[in-house]
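Here is how the chains run, residue by residue.
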Amino acid sequence: MLSVTDSIRISSPFNDTRLKFLSPSGNKTRHQLTLVRNRPRISCPQRKNICRCSSTEQPQRRKHRSAKSDDEKGIDPVGFLSKYGITHKGFAQFLRERYKSLKDLKDEILTRHFSLKEMSSGYELMGMQRNMQHRVDFLEWAPGARYCALIGDFNGWSTTDNCAREGHFGHDDYGYWFIILEDKLRQGEEPDKLYFQQYNYADDYDKGDTGITVEEIFKKANDEYWQPGEDRFIKSRYEVAAKLYEEMFGPNGPQTEEELEEMPDVATRYKAWKEQHKNDPESNLPSYDVIDNGKEYDIFNIIGDPESFKKFCMKQPPIAYWLETKKGRKGWLQKYMPALPHGSKYRMYFNTPNGPLERVPAWATFVIPEQALAVHWEPPPEYAYKWKNKQPVRPKSLRIYECHVGISGQEPKVSSFNDFISKILPHVKEAGYNAVQIIGVVEHKDYFTVGYRVTNFYAVSSRYGTPDDFKRLVDEAHGLGLLVFLEIVHSYAAADEMVGLSLFDGTNDCYFHTGKRGHHKFWGTRMFKYGDPDVLHFLLSNLNWWVEEYHVDGFHFHSLSSMLYTHNGFASFTGDMDEYCNQYVDKEALLYLILANEILHALHPNVITIAEDATLYPGLCDPTSQGGLGFDYFANLSASEMWLALLENTPDHEWCMSKIVSTLVGDRQNTDKMLLYAENHNQSISGGRSFAEILIGNSSGKSSISQESLLRGCSLHKMIRLITSTIGGHAYLNFMGNEFGHPKRVEFPMSSNNFSFSLANRRWDLLENDVHYQLFLFDKDMMDLDKIGRLLSRGIANIHHVNDTTMVISYLRGPNLFVFNFHPVNSYERYAIGVEEAGEYQVALNTDEKKYGGRGLLGHDQNVQRTISRRADGMRFCLEVPLPSRSAQVYKLTRILRA
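None of the values given here were measured: they were computed from a predicted structure.

Conventions used here
- Residues numbered from 1 in each chain as written.
- Predicted model: local features only at pLDDT ≥ 70, side-chain atom pairs only at ≥ 80, totals over all residues.
- Heavy atoms only, no water.
- Helix = DSSP H or I, 4+ residues; strand = E, 2+ residues; numbered from the N terminus.
- Buried < 20%, exposed > 50% of the residue type's maximum accessible area, 1.4 Å probe, protein only.
- Contact = heavy atoms within 4.5 Å.
- Areas by Shrake-Rupley, 256 points an atom, 1.4 Å probe, with all protein chains shown as cover.
- Core = buried A, V, L, I, M, F, W, Y, C linked by side-chain atoms within 4.5 Å.
- Pairing = 2+ DSSP bridges.
- Axes fitted to C-alpha atoms, helices over the stretch in contact; angles between N-to-C directions.
- Parallel < 35°, antiparallel > 145°, perpendicular 65-115°, else oblique.
- Left-handed = near helix turned anticlockwise from the far one by under 90°.
- Nonpolar A, V, L, I, M, F, W, Y, C, P; charged D, E, K, R; others polar.
- Salt bridge = Lys/Arg side-chain N within 4 Å of Asp/Glu carboxyl O.
- Expected span 1.5 Å × (residues − 1).
- Lys, Arg positive; Asp, Glu negative; His and termini not counted.
- Polar contact = N/O pair within 3.5 Å; in protein donor to acceptor, adjacent residues only side chain to side chain.
- Patch = residues over 30% accessible without salt bridge, like charges linked within 9 Å, V, L, I, M, F, W, Y side chains within 5 Å.

(A) The overall build of the protein, seen in detail. Across its full length, the protein holds 22 helices and 36 strands. Split into buried and exposed, the 899 residues of the protein put 56% on the buried side. Considering only contacts within the protein whose residues lie at least 6 apart along the sequence, 74% involve residues at least 24 apart. Element-wise, carbon and sulfur atoms account for 49% of the exposed surface of the protein, whose accessible area totals about 39,300 Å².

(B) Main features of the nonpolar core. Among the nonpolar cores identified, the biggest contains 190 residues, and Phe-470, Tyr-511 and Trp-643 are the most heavily contacted of them. The contacts of Tyr-511, once residues within four sequence positions are left out, are Glu-140, Trp-141, Ala-362, Trp-363, Leu-501, Phe-504, Met-527, Phe-528, Lys-529, Val-535 and Phe-538. Ranked by size, the runner-up nonpolar core spans 18 residues in total, among them Tyr-828, Ala-838, Tyr-841 and Leu-883.

(C) Local environment of the environment of Phe-877. Looking at where Phe-877 falls in the secondary structure, it is placed in strand β35 (residues 877-883). A sequence separation of 38 residues divides Phe-877 from Gly-839, and the C-alpha atoms of the two residues are 9.3 Å apart.

(D) Local environment of the sheet that holds strand β36 (residues 887-896). Ordered in space as β29-β30-β31-β36-β33-β34, the 6 strands form an open sheet in which the pairing is antiparallel. Pairing within the sheet leaves two strands with one partner each, and these edge strands are β29 (798-803) and β34 (864-866). Going across the sheet, the axis of each strand differs from the next one's by a mean of 20°, ignoring polarity. Bridge analysis of β29 against strand β30 (residues 808-813) gives 5 bridges, and the strand direction is antiparallel. For Ile-799, the partnering residue across the bridge sits in β30 and is Tyr-811. Across the sheet, helix α19 (residues 657-665) touches β29 and β30, and the angle it forms with β29 is around 155°. Set on the sheet, helix α22 (residues 770-787) makes contact with β31 (816-821), β33 (839-846) and β36; between it and β33 the angle comes to about 140°.

(E) Structural context of the packing of helix α13 (residues 417-431) against helix α14 (residues 467-479). Contact geometry for α13 and α14: axes closest at 9 Å, N-to-C directions at 15°. It follows that α13 is roughly parallel to α14 by the angle criterion. Helix-helix and strand crossings are classified by hand; for α13 and α14 the assignment is right-handed. Where α13 approaches α14, its residues Phe-417, Asn-418, Phe-420, Ile-421 and Leu-425 are matched on the opposing element by Asp-469, Phe-470, Arg-472, Leu-473, Glu-476 and Ala-477. Counted by class, the contact of α13 with α14 contains 7 nonpolar, 1 polar and 3 charged residues.

(F) Representation of the pattern of salt bridges. For the structure on display, the rule yields 33 salt bridges. Two residues, Arg-135 and Asp-137, come together in a salt bridge whose shortest N-O distance is 2.6 Å. Assessed through its relative accessible area of 1%, Arg-135 is described here as buried. A relative accessible area of 10% means that Asp-137 is categorised as buried.

(G) Region of the structure containing α14. Its 13 residues give α14 an end-to-end C-alpha distance of 18 Å, which sits within 8% of 18 Å, the value for a rise of 1.5 Å per residue. Counting buried residues along α14, 10 of its 13 residues qualify, which places the element largely inside the surrounding structure. Here α14 has its buried residues at Pro-467, Asp-468, Asp-469, Phe-470, Lys-471, Leu-473, Val-474, Asp-475, Ala-477 and His-478. In this structure, the buried residues of α14 make contact with α13, β20 (435-439), β22 (456-460), β23 (483-488) and α15 (533-550). Directly after α14, the chain includes Gly-481, whose backbone phi takes a positive value near 80°.

(H) Quick look at the side chain of Glu-739. Within the secondary structure, Glu-739 sits in the loop between β28 (731-735) and α22. One buried charged side chain, Glu-739, makes no salt bridge at all; its nearest oppositely charged neighbour is Arg-721, positioned 5.3 Å away. Looking at Glu-739, its side chain comes within polar contact range of the side chain of Tyr-401, at 2.7 Å. A polar contact is formed between the side chain of Glu-739 and the backbone nitrogen of Gly-737, at a distance of 3.0 Å. Excluding residues within four positions of it along the chain, Glu-739 makes contact with Tyr-401, His-427, Tyr-433, Arg-721, Asn-734, Trp-764, Leu-775, Phe-776 and Asp-779.

(I) Just a nonpolar patch on the surface, in detail. Where nonpolar side chains cluster on the molecular surface, the patch consists of Phe-522, Trp-523 and Phe-570 and spans about 310 Å² of accessible area. For Trp-523, the location among the structural elements is in the loop between β23 and α15.

(J) Spatial organisation of the sheet that holds strand β8 (residues 176-182). Strands sit in the order β4-β5-β8 across an open sheet of 3 strands; the sheet is antiparallel. The open sheet has two edge strands, β4 (127-131) and β8, and neither has a second partner. The sheet shows a mean angle of 20° between the axes of neighbouring strands, taken without regard to direction. Note: β4 against strand β5 (residues 135-141), 5 bridges, orientation antiparallel. The residue bridging Gly-127 from the neighbouring strand is Leu-139, located in β5.

(K) How the structure looks around the environment of Arg-359. You can see Arg-359 is positioned in strand β16 (residues 355-359). Accessibility expressed as a relative area gives 5% for Arg-359, which makes it buried. On a C-alpha basis, the gap between Arg-359 and Leu-373 in space is 8.4 Å, while along the polypeptide they are 14 residues apart. Other than its neighbours up to four places away in sequence, Arg-359 contacts Arg-347, Met-348, Phe-350, Glu-497, Met-498, Ser-502, Leu-503 and Phe-504. Here the side chain of Arg-359 touches Leu-503 through a polar contact of 2.9 Å, landing on its backbone oxygen. At 3.3 Å, the side chain of Arg-359 forms a polar contact with the backbone oxygen of Phe-504.

(L) Looking closely at the packing of helix α18 (residues 637-649) against α19. The interhelical angle for the contact between α18 and α19, taken along N-to-C directions, is 155°, at an axis separation of 8 Å. One way to sum up the angle between α18 and α19 is to call them roughly antiparallel. Pair α18 / α19 crosses with left-handed handedness. Where α18 abuts α19, its residues Ser-638, Ala-639, Met-642, Trp-643 and Leu-646 lie against Lys-659, Ile-660, Thr-663 and Leu-664. Along the lines of polarity and charge, the residues of the contact of α18 with α19 split into 6 nonpolar, 2 polar and 1 charged.

These figures come from the coordinates and say nothing about function on their own.
Below you can see the structure in the form of structure tokens.
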């Protein structure tokens, strides 16, 4: 049966995209659409005078490109195990089997796609696509449907006007539905004489708008380009192609497979043509011929005049003449009305074995979930957003400001992208961060889910603005030197049906697993079927889409433990390696993550990927060539949980310094790739409390809290953030408002609070209060340690002093010495701390300074300390520093002294 992909492939010889149907030789596999964007297809002879032919046509299939050997690529499926000294045979065998499965998966992909890049660029083909031949093409995957139609305000919501059905062109055996929406000819206008006339929709004027007819352009090409004696078929191939196209796909062409006659093979067609033109003069015949010995798969030499053939090969393709036939936007608007105007609302209509369904298309780029409608977003060129700023250079360290657009305003309402641009981005820049991480941007039906139950993976949330508004947000952030990260949720999806992907085509196994495995054990969300190539096509293209369309700089992959295990991560982990390779591990999900990182980093070398996995799966940040998953950073989730437990459940004097350090640095594997945060949105959203609320309460001033409690709260707030941001890896994250001690939790509007917005905002006015401004000022100066001194990119901290009795922690990082005294009462006048370099150390940051709300116990004469020649903490020299209780100091080596 002729597939949808075949139909598209031959629909136009001059389409701006070329589509191929590829299947492995000798095996019937599922069809897959593949896309190659290129210049117009102009046929030119090959340099070699050899062609392959046979009496029974056997089209030469693309040779399968198998991966190079492991030695050639330097691949070691268990390489990271030896790096860390892990000797678990079961896990090593699991990694080897996983690598074999990855090779098999890539082989399968490359039989259906030209390359992995093409496989991850489905957005160039799927969904609504403006075709240069005055039409809109729609393509969707719904294998369980029996009939598909587009319904919307553009056709009066008719279920029959724009449709495709089984047994007819527009649908194939593999679930792809193809519908063409032809632009409407304006009254009084004549149809284009060139059947496949193209239009440039982006420009007001093109050469084709000069008024010169197609016949005149063809005559000009024939007169100026072709020489006497050259084949009339070559000379008139535009005409032949147009006639073939009209015969196949015109209004009088076949509509079903039965009506499509069998197409003869090449040899038969060539012989018929020779017979038809046997009496033509020699000047009309080609200057070469093919000698057929009648052998199947025989290779024949092309015999001809060498000079004529060389001259023909040297010709440049006549693209200039073709461009003259291509008209501009002005000509298109004059002749046609768009079949699907910008802003049109639409849905898909399916007939299924279980009855009719209406769905929002899976690849829709703008959706109104409250109305279950997709919106066609195709603004005129003069109104479409034009990028102004280049993406910032990838920094060596990350200072991430985590945000939620909807709650970013002070007013009790849903804030917009434009509000975020004008109010939040300047604050982030002033605060000293170099990246913003935005949660809840991808479209989701229920606002109270914070954006984690995604319904439409290719759409920005319409409650914040339009796609162009989000582009402007990213562009303005780049103009300020800020990277933009997106928190992406590919670990599960919303269970919504009409708006989301659940039961998309009426079946339970389209995008998701069937049965219990297809549902999250506790959250009621749907679990993706990562082993299905079409699901991989959807998800991998989605990642590439956000980078290509919106220029985002990276992704924070949310809740990987939900997808890596069939128990969704809700199991006790002891750290035994068996837990990472037993029957509960989803190998298909692991392969997806490996592919995602390989493709993203290959296509976009500067992209940054961050893994959020509570189980810390081995090899998260190791190269895929060494058996890892390929992420750039991983989030240490246990740090924030530790701080929360200490603040809520443990008296200050019982805090264990050893536990704090071990939790913050982990097992020292990939510590440099660790993303640390004291608190993110999880600590304050939906019933939780921010650290400031725990430490200083809900007050916005000093009157409602004792001075002693306020001093304790502010001191710990600063110390916790300072040690968390400086002891770990090259990345640190802070949630919006926590830098100045936002005192209230976040609670989204929902039925339990009568849909109130009173807590779904940020109190920016608190920055006018002394306490909160002092906390903000400290956080800003703390960011300057990395912004100016490049602290986070200076390797791993050398932790050389941890004393549970005195409650003192000290470590070196570059030329900086960090000293923390967590004791609630005890101060130390001359506390000995070891250092490696002899010299003078000056206080660069002090949590106890009065400008940060501290007591100011360190005098001006104590800001500079000189080493003494005495070993301490295993180091050659010693500093004796004053340590006020509940305070921390950062000393910087400013002068080196000879020993």
